[in-house]
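Descriptive analysis of the structure
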Amino acid sequence: MVQIERPRAWSRRALLQFGAGGLGALLVAACGGSPAASPAPAKPATEPSKPADAKPAESKPAAAAPAASTPGAAQPAAGLTTANISLFFMGHVAGGMNEQKAYDDILAEWKQKHPNIPVEYQVVPDAERLPKAQAMVAADQAPDMWRHGSNAIRLWGAQGHLLDLTDLLPANYADKFLPGLRAYCIYKGRVFGLPHTTDTSALFYREDALEAIGVKPPTELKDSWTWQQFGEINDKLLAVKKQQYAFTHNQGAGRWVPSFLYSTGAKVVNDDFTKMAFNTLEAIEALAFLKSWSDKKWAPPAIWTTRVPNEDTDQFIRGTASMAILGQWNITYLDENIKDTFKWNVTYLPKAKMQTTSLGGTPVVGWAKTKHPKEVAAFFEYFTSIDKIKQFDEMANYVPVRADMADMALKFQVRDDLMQTFKQQITTLPAAFTAYVARSYSPGITPIITEETSKMMLEGQSPEQTAKNIDDRGNKFIQENPDVEAR
Amino acid sequence: MAAHESTALPVAQDAARSVDRLRGLSTLQQSVLHVVLIVVALLMFFPFFWMIATALRPPGQEADLSLIPRPYLAFENFSRAWNYPRAPFPQYTINSFVIAIVSTVLGVALNGLAGFAFAKYRFPGREVLFYIVLATLMVPFQITMIPIYVTIAKLGLINNYWGVILPGAASAFGIFLIRQFMQSIPDELLDAARIDGSSELGIFVRIVVPLSGPALAVLAIFTFLARWNDYLLPLLVMNRQAMFTLPIGITNFIGEYRAEWSLVMAAALISIVPPVLLFLFFQRYFVSGIAMTGMKG
Amino acid sequence: MATQTLALPARRRRWRQRDVIPYLFVLPNLVLFAVFVLGPVIFSFGMSFTNWDGLGRPTFTGLRNYARLLEDDLFRTAVRNTFLYSIGTVLPMLAISLGLALMLDSRLRGRAFYRVMVYLPVVISWVAGALIWRLMFLHPDGIINSALQSFGLEPQLWTSDPILAMPAIMWMSLWKGLGFYTVIYLAGLQTIPSTIYEAGMIDGADRKQLFWSITLPLLRPTTLFALVIGIIASFEVFIPVYLMTNGGPGYSSMVMVMAIYRAAFQQYQMGYASAMAVILFLVIFVISVLQFKFFGREVEY
């Protein structure tokens, strides 16, 4: 027979305390587990392997809103519900506090106009917002509206997950937006999203650096430097040795390499979008020029592989680089962190055969299965109206996405003088480029371009090999994942 | 090893006679150990030093890389992060606590029992079941997250604490850990209790648990830590910011176009306090020198 | 008498509580696994035979994804890197952790402080840790490069360098994981009764012999655990790669889960990514089974 002494550790008391603490937490969990705010979860009948109908939701809005499709008299407000509902709008943090305040203000104003249809805006972290939306859609739990990605609208729309806005909005509403941006919202003639913000890049510079080499930046779009001239300026800057690098640029090179390419007349895909067209002499020339950025030590090499915010701008702020190819979205950050350390300004990007700027931006989309399609459309119309875009852009430093605002004078909150340059820059989107971005396979090509170009910049791969690899890998990809319109 | 050792209690240390690993080492050799540990501690801590430096960087100096923040140490960043408008950090903290505490209690209970079963019972299918359990660790969450989310949605657990607690409650890691440690409990002890008339559950609670202090303590702190720092699952399951947990709140400071690193690091530093406190509390159970008397006779 | 019997009516066989209870003990876990893990895993594996984009209706494509994987240089690189990463981190980490555990289990002064220091990196989230290391590795003026320069050495690209990117990630992981395995070994050391050491010392064993013939063998269950868990975790490394290098430059620091994520969520190739996950699973499974065969003998006390 053995005696077992009660050990000190894990005594009954300790166990009880542990259990009591757990029980207390359990009670809190039970009470707080389903807060009133959560919508009743839809009991989806679909299995994950058979997600929402593949056909676009064309029939639904037509049946639900016969009044709205009458041209001319389009007053969607008249058809809105009088019941108390709430629209769930999922967004993310993009810019700084100004942008968040802009959202708050606009949503508050909407609530005043439509007190029974408040918009609940919830913010999720940027990096995982699209995978989260994807999961929510798969489980029939998607928000009524969310901020999507410009290169993913057509794919999601083709798979039937996005609200078809065509008949819910006034006729030809999409035509009001810049053609380059409109293109990525339209699939087979139907509108599945609306542009709301767009990204535009330009050339930032330190005034003292350009003064030191006696160069005056162009003041008109037509006078913008050629890439040749840009290269010469870089060499001069390096010779003066004031900053270690001549210029830095936005991170995530794969995203904006295509725009650079199109500005030289090269292309990523051929004209019917079925095959890659990267491996051309023009493209190789463009790549060779990019490679010189690294070979001639004009730009810091590390930026090519970074995707973490602030690293691109910080090189400019710290005085590691004399100039920077950055975006208008960087202005508030630069303004707050440079302050009076040095004077900086913005000029037009260098041009090759044509001017381009990077294409991006965040469109807004609705869920195909939302219970309130009319209200979502009405909100979008309000949200993208001239007044609201003006209000938003002035507060948050964005360039208007509407074509009918091209001549409008906006008073931007931060560095109004610089924003005018961006307004002009955005008019330079070649149609072929935007059409490429609109292809549903373009998200898959982007990593390929990033990987091969970074091999070129950082591992010494030749431009010829880079172009060939991009073509080969891209073609394999397109073969497995053709554009939705070609399926 | 001589045969007589098999009767010695394998799972607890005698208070008065814990192993003296320093025995026979000269002062010089002990000093060398100290130096090694100091170097290791410095290497472990240095990135924290950088974290603190980043957290104390004043607004307007976000691009500065100097070791000591200039022009002043911005302690207000901690309250800025905590009181950030539209980001209710106190609520995030409560959510994290509820999820972590319930998960830990549930996890220790469930995985402790299961680990015990795998360690001390022979039953048909034991090996197969154990491999199946282990296999659940071998598929990365990134690929299963969408079907898991759909499952959670079908169970009506979206935006609910249980939607985060239940999927992670059963842990192959925990079962495996407990199994390994409980293997060393002598069968004689259990058989004796059975002869005495104890039920199996009674054996677990009255004999096995007290003897498994180290393993259960380690399981508790690691389970808490994993749920406390869990990012992807709560992000998927929770729809409303009021239900977000601390990691999500911290990552929200990393915007698409700019990141507020000082707030990220300040919030992250605040967030490491509870797991560290828990470690300090539980470490007595797996370090020798603490009295855990065992079998006599 | 508390022993319960379940007498079957047809045969007069006595079932002891002891036969049924293990199934009951593992039942809750199995149910949870079945619902939340196994179901989704089977679904994902099934998707590997389709071209599902994660959004629409999947189309059955048979073994096409697997054929593509064979020719995929990026995937091959990912597999190679993952193996290198695993060997390069797990073995040093276990060895160093064991050494630290031995030191911290002694009566050394200040050991509580050292214990906390060693454990601190474990407590921080992977995201915060990876971001801090990324900031430290910045080129040209991150703190590590500044330190190099003050010693007269060239600043390195680190996370943008095709050769140094993997080592940078590995150091970060080593820093992060050391405390974890140290705690496990600390707990494992508690399972060795002092009486055995004393018997050994009476037998005239010196420190080295004590370690190799007593400590290490009796730690075998702990080591097996640490090894299996360590290898599984190392094969599934993701956050440091995602945040520090994104698999770059090129795909020189690509690892398998990064490749899976990239295919699934950046390229909308969920079916293809599932095939990668199946391969990953098989690799990990085989390695784990081998480990159990070699090291899994139950320790006799």
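What you see is a predicted model; the values in this text were computed from it and never measured. (Residues numbered from 1 in each chain as written. Chains lettered and ligands numbered in written order. Predicted model: local features only at pLDDT ≥ 70, side-chain atom pairs only at ≥ 80, totals over all residues.)

The helix and strand inventory of chain B stands at 14 helices and one strand. Along the longest, intermediate and shortest principal axes, the C-alpha atoms of chain B span 70 × 65 × 30 Å. A burial count over chain B gives 57% of its 297 residues as buried. (Helix = DSSP H or I, 4+ residues; strand = E, 2+ residues; numbered from the N terminus. Buried ≥ 20, exposed ≤ 12 C-beta atoms within 10 Å, placed from the backbone.)

Turning our attention to the overall build of chain A. When helices and strands are tallied, chain A shows 18 helices and 12 strands. Taken across its 487 residues, chain A has 53% of its residues classed as buried. For chain A, the share of sequence-separated contacts (at least 6 apart) that also reach a separation of at least 24 residues comes to 80%. (Contact = placed C-beta atoms within 7 Å.)

A rise of 1.5 Å per residue sets the reference length of helix α9 (residues 200–211) of chain B, with its 12 residues, at 16 Å; its end C-alpha atoms lie 16 Å apart and thus fit the reference within 8%. Taken residue by residue, α9 of chain B has Glu-200, Ile-203, Phe-204, Val-208, Val-209, Pro-210 and Leu-211 of chain B as its buried positions. In this fold, the buried residues of α9 of chain B make contact with α3 (89–120), α7 (172–182), α8 (187–195) and α10 (213–228) of chain B together with α1 (17–47) of chain C. (Expected span 1.5 Å × (residues − 1).)

Once that is clear, we can look at the domain arrangement of chain A. Bring the parts together and some accessible area is lost; that lost area is often taken as the interface size. All names here are of chain A. We note that the domain assignment places domain 1 (59–66 + 73–199 + 361–405) and domain 2 (202–358 + 428–486) within chain A. The C-alpha centroid of domain 2 is placed 30 Å from the C-alpha centroid of domain 1. In this complex, domain 1 contributes 19 residues to the contact, which on the side of domain 2 involves 18 residues. Of all the secondary structure elements, the ones that give two or more residues to the side of domain 1 that touches domain 2 are α5 (153–158) and α6 (179–183). Each residue belonging to the side of domain 1 that touches domain 2 can be placed in one class, and the counts come to nine nonpolar, seven polar and three charged. (Domains from an automatic or database assignment. Nonpolar A, V, L, I, M, F, W, Y, C, P; charged D, E, K, R; others polar.)

Next up on the list: the interface of chain B and chain C. Across the boundary between the two partners, chain B contributes 87 residues, which contact 86 residues of chain C. The dominant element in the side of chain B that touches chain C, judged by the number of residues it contributes, is helix α1 (residues 27–55) of chain B, at 11 residues. Here the residues of the side of chain B that touches chain C are counted per class, giving 61 nonpolar, 20 polar and six charged.

All names here are of chain C. Running from N to C, helix α3 (residues 73–104) and helix α12 (residues 256–266) cross one another at 145 degrees; their axes reach a closest spacing of 8 Å. Within the contact between the two elements, α3 uses Leu-74, Phe-75, Ala-78, Val-79 and Thr-82 and α12 uses Met-256, Met-258 and Ala-259. Tallied by class, residues from the contact of α3 with α12 come to seven nonpolar, one polar and no charged. (Axes fitted to C-alpha atoms, helices over the stretch in contact; angles between N-to-C directions.)

It is worth spelling out the nonpolar core at this point. Ranked by size, the top nonpolar core spans 330 residues in total, and within it Val-218 of chain B together with Ile-260 and Met-276 of chain C carry the most contacts. Tallying contributions element by element places α3 of chain B first for this core, with 16 residues. Shared between two domains, this core holds at least three residues of each, these being domain 1 (59–66 + 73–199 + 361–405) and domain 2 (202–358 + 428–486) of chain A. Residues within four places of Met-276 of chain C in sequence aside, it is in contact with Leu-69, Phe-75, Met-256, Ala-259, Ile-260 and Ala-263 of chain C. (Core = buried A, V, L, I, M, F, W, Y, C linked by C-beta atoms within 7 Å.)

With that out of the way, let us pick up the sheet that holds strand β9 (residues 245–249) of chain A. Pairing between the strands of a sheet comes from backbone hydrogen bonds, and it takes one of two forms, parallel or antiparallel. Residue and element names in this part refer to chain A. The mixed open sheet is built from four strands, whose spatial order is β9-β10-β8-β11. Strands with a single pairing partner mark the edges of an open sheet, and in this sheet they are β9 and β11 (344–347). Taking each pair of neighbouring strands and ignoring which way they run, the sheet shows an average axis angle of 25 degrees. Across four bridges, the pairing between strand β8 (residues 201–206) and β11 is antiparallel. The partner of Phe-204 across the bridge, within β11, is Val-346. Each of β8 and β11 touches helix α15 (residues 416–425); the most contacted strand, β11, lies at about 20 degrees to it. (Pairing = 2+ DSSP bridges.)

Before going further, it helps to examine the environment of Pro-210 of chain B. Mapping Pro-210 of chain B onto the fold places it in helix α9. It is 42 Å that separates the C-alpha atoms of Pro-210 of chain B and Ala-81 of chain B, two residues lying 129 residues apart in sequence.

All names here are of chain A. Overall, mixed pairing links the five strands, which are arranged β3-β2-β4-β12-β7 in an open sheet. The open sheet has two edge strands, β3 (119–124) and β7 (194–197), and neither has a second partner. Averaged over all pairs of adjacent strands, the angle between their axes in this sheet comes to 25 degrees, without regard to strand direction. Sheet topology note: the strand β2 (residues 87–92)/strand β4 (residues 145–147) ladder contains two bridges and is parallel. Looking across to β4, one finds that Met-90 is bridged to Trp-146.

Residues and elements named next belong to chain A. In this model, chain A carries an average pLDDT of 83, and 82% of its residues clear a pLDDT of 70 or more. The secondary-structure element of chain A with the lowest mean pLDDT is strand β1 (residues 3–4), recorded at 36, while β4 shows the highest, at 97. Note on residues 1–11: pLDDT under 50 across the span, and 26 contacts to partners over four residues away in sequence or across chains. Taken as a whole, residues 31–76 scores under 50 in pLDDT and shows 85 contacts with residues more than four places along the chain or in a different chain. (pLDDT = per-residue confidence, 0-100.)

With respect to the helices, strands and loops of the structure, Glu-128 of chain A is situated in the loop between β3 and α4 (129–138). Once the C-alpha coordinates of Glu-128 of chain A and Asp-471 of chain A are considered, the two residues, 343 residues apart in sequence, prove to be 29 Å apart.

Turning our attention to the environment of Trp-52 of chain C. Residue and element names in this part refer to chain C. Topologically, Trp-52 is positioned in the loop between α1 and α2 (64–70). For Trp-52, a count of 27 C-beta atoms within 10 Å translates into the label buried. Residues Trp-52 and Met-170, spaced 118 residues apart in sequence, show a C-alpha to C-alpha distance of 33 Å. Beyond its immediate stretch of four places on either side in the chain, Trp-52 contacts Met-47, Pro-58, Met-270 and Gly-271.

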